[in-house]
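# Examination of the molecular architecture
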Amino acid sequence: MNNKTILVLPGDGIGREIVAEAVKVLEWVNKRPGIAFTLEEGLIGGSAYDATGTPLPEDTVTRAKKADAVLLGAVGGPQWDRLDFSLRPERGLLGIRKALDLYCNLRPAQVFAPLLDASPLKREVVEGIDIMVVRELSSGIYFGTPRGVETLADGRRRGFNTLTYSTDEIERVARRAFEAARRRSHKLCSVDKANVLESTALWREVVSELGRKEYPDIALSHMYVDNAAMQLLRNPRQFDCIVTTNMFGDILSDEASMLTGSIGMLPSASLGDANALYEPIHGSAPDIAGKGIANPLATILSVAMMLRYSLSAPEEATLIENAVNRVLEQGWRTADIMQTGAKQIGTVAMGDAVLQALHEEKNQ
Ligand code: NAD
């Protein structure tokens, strides 16, 4: 991997604190043989609004399009809540996803053994779960038209949205999911509501066809979304890779993430054909911003995803994931994942502990 560019967008709230720790890890990776990338920094969200009058400056979009990968912290905060919707920090995030045509959202939900007791479910249910939810991100009911609220002739009001999927939209995200399944245990479960919704009957047809033609090595199954929501709690270990529509993926990936018990631990990747953006799933946590106690591990694990999916450095990705596990095994915890008997540390010390574990791993 040579001459790659990574655009770092710390954003707001705890964004800057957690991204600083992830950058330390990236700098460690950059010293590894055969690896060379350049880190650039840009503005997004409320801090971008304060500096430039818009949550998504044109310069950020231009540089993000040119970059090989984007690492984002988080956006938002109460000081910008009174702004018009078009100027809110969250618009910056939606805007960059749209500008980069990021149609595929990967959200892994993995339980780290030392954190098993953080899950609201019983240890024997969640032990060993390692699920990848692949969510379609740029179409479906969140984007379909017509949409709106109208007043009927008799004075009643009626709200409506449209769930549409075209074959190409289904195929491109399904392809990503089959590829992800191929990198994992060769099992893919496609979730839909084909018994009720025509658009998701088409979804099932297209996914099946693609599987038959191009991915005969992947064991493809189908499940209705209501059953999937139930099965995720009943027996989550039956799942490996899940692919689903935008809204079903929104809901199921949140459900899957809660199996692991901690929002501060979960990374994500949003992929398009030409661009990719990596970010923790949590927000800017204004309640703890500036206190130095935020958990940087979700952002550090987002770096691991970036190395695996955008920078062709799977070995380094695994090193980082192992280092995070080792730090947890050693008993280091930020406040959000603190357990009796563990040792509580802050954001910077957690970043340092991961670096230390990386050094130890390399020397083993
Ligand atoms: P949040 O995820 O920021 O925080 C929810 C709770 O989790 C808070 O108690 C927070 O302290 C805690 N938390 C979150 N991340 C943590 C971490 N790394 N370490 C320790 N604790 C952590 O969600 P929210 O409070 O609903 O939203 C706050 C702001 O973030 C809002 O402005 C919202 O719009 C924005 N937001 C941004 C994103 C994003 O940038 N992708 C996502 C969700 C929310």
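All figures in this text were calculated on a predicted structure; none of them were measured in a lab. (Residues numbered from 1 in each chain as written. Predicted model: local features only at pLDDT ≥ 70, side-chain atom pairs only at ≥ 80, totals over all residues. Heavy atoms only, no water.)

## Focus: the site of the ligand
How we decide: Only a single heavy atom is needed: when it lies within 4 Å of a molecule or strand, its residue is near that molecule or strand. Any pair of nitrogen or oxygen atoms within 3.5 Å is treated as a polar contact; in protein, a donor-acceptor pairing is required on top of that, and neighbouring residues in sequence qualify only through side-chain atoms on both sides. Where accessible areas are quoted, they stem from the Shrake-Rupley method and a 1.4 Å probe; at the residue level, only the protein chains shown are allowed to cover. Three classes are used: nonpolar for Ala, Val, Leu, Ile, Met, Phe, Trp, Tyr, Cys and Pro, charged for Asp, Glu, Lys and Arg, and polar for all others, with Gly counted as polar.
The local shell around the ligand holds 19 residues, among which E90, G283, A285, D287 and N295 are the closest. Take V75: an N or O atom from its main chain is 2.9 Å from an oxygen atom of the ligand. Here E279 contributes a side-chain N or O atom positioned 3.4 Å from a nitrogen atom of the ligand. A total of 800 Å² of accessible area belongs to the ligand in isolation, and the protein chains cover 69% of it. Residues of the shell around the ligand, tallied by class, amount to nine nonpolar, six polar and four charged.

## Quick notes on the domain arrangement of the protein
Quick note on the threshold: For each domain, the first and last residues come from an automatic or database assignment. The contact rule is simple, with two residues in contact once any of their heavy atoms fall within 4.5 Å. Put simply, buried area is the surface a 1.4 Å probe can reach on two separate parts but cannot reach once they are joined, added for both. One side-chain nitrogen of Lys or Arg within 4 Å of one carboxyl oxygen of Asp or Glu is enough to make a salt bridge. In this text, helices come from DSSP runs of H or I with a minimum length of four residues, and strands from runs of E with a minimum of two, each type numbered from the N-terminal end.
Taken domain by domain, the protein comprises domain 1 (1–103 + 272–364) and domain 2 (109–135 + 166–262). Tallying the contact residues gives 17 residues for domain 1 and 14 residues for domain 2. Carbon and sulfur atoms make up 58% of the area that domain 1 and domain 2 hide from each other, which totals about 1300 Å². A per-residue breakdown of the area domain 1 buries against domain 2 is headed by Y103, Y309 and Q339, which together make up 42% of the total. Here domain 1 is connected to domain 2 by two salt bridges. Summed over the shared surface of domain 1 and domain 2, the number is four residue pairs in polar contact (both at pLDDT 80 or more). Those elements that place two or more of their residues in the side of domain 1 that touches domain 2 are α10 (297–309) and α11 (314–329). Ranked by residue count, the leading element in the side of domain 1 that touches domain 2 is α11, at five residues. Its residues assigned to classes, the side of domain 1 that touches domain 2 shows eight nonpolar, three polar and six charged.

## Thoughts on the pattern of salt bridges
We count it as follows: Burial here depends on accessible area, computed with a 1.4 Å probe over protein chains only, as a share of the maximum for the residue type. Under 20% is buried, over 50% is exposed, and the range in between is partly exposed.
On inspection of all chains with the given rule, the structure shows 27 salt bridges. Measuring nitrogen to oxygen at the nearest pair gives 2.6 Å for the salt bridge that ties K24 to E21. With K24 and E21 both in helix α1 (residues 15–30), this residue pair falls three residues apart, about one helical turn. Look at E21 and you get buried, because its relative accessible area is 4%.

## Quick notes on the environment of K291
Checked against the element boundaries, K291 lands in the loop between β12 (276–280) and α10. For K291, a relative accessible area of 55% translates into the label exposed. Linking K291 and W80, residues 211 residues apart in sequence, is a C-alpha distance of 20 Å.

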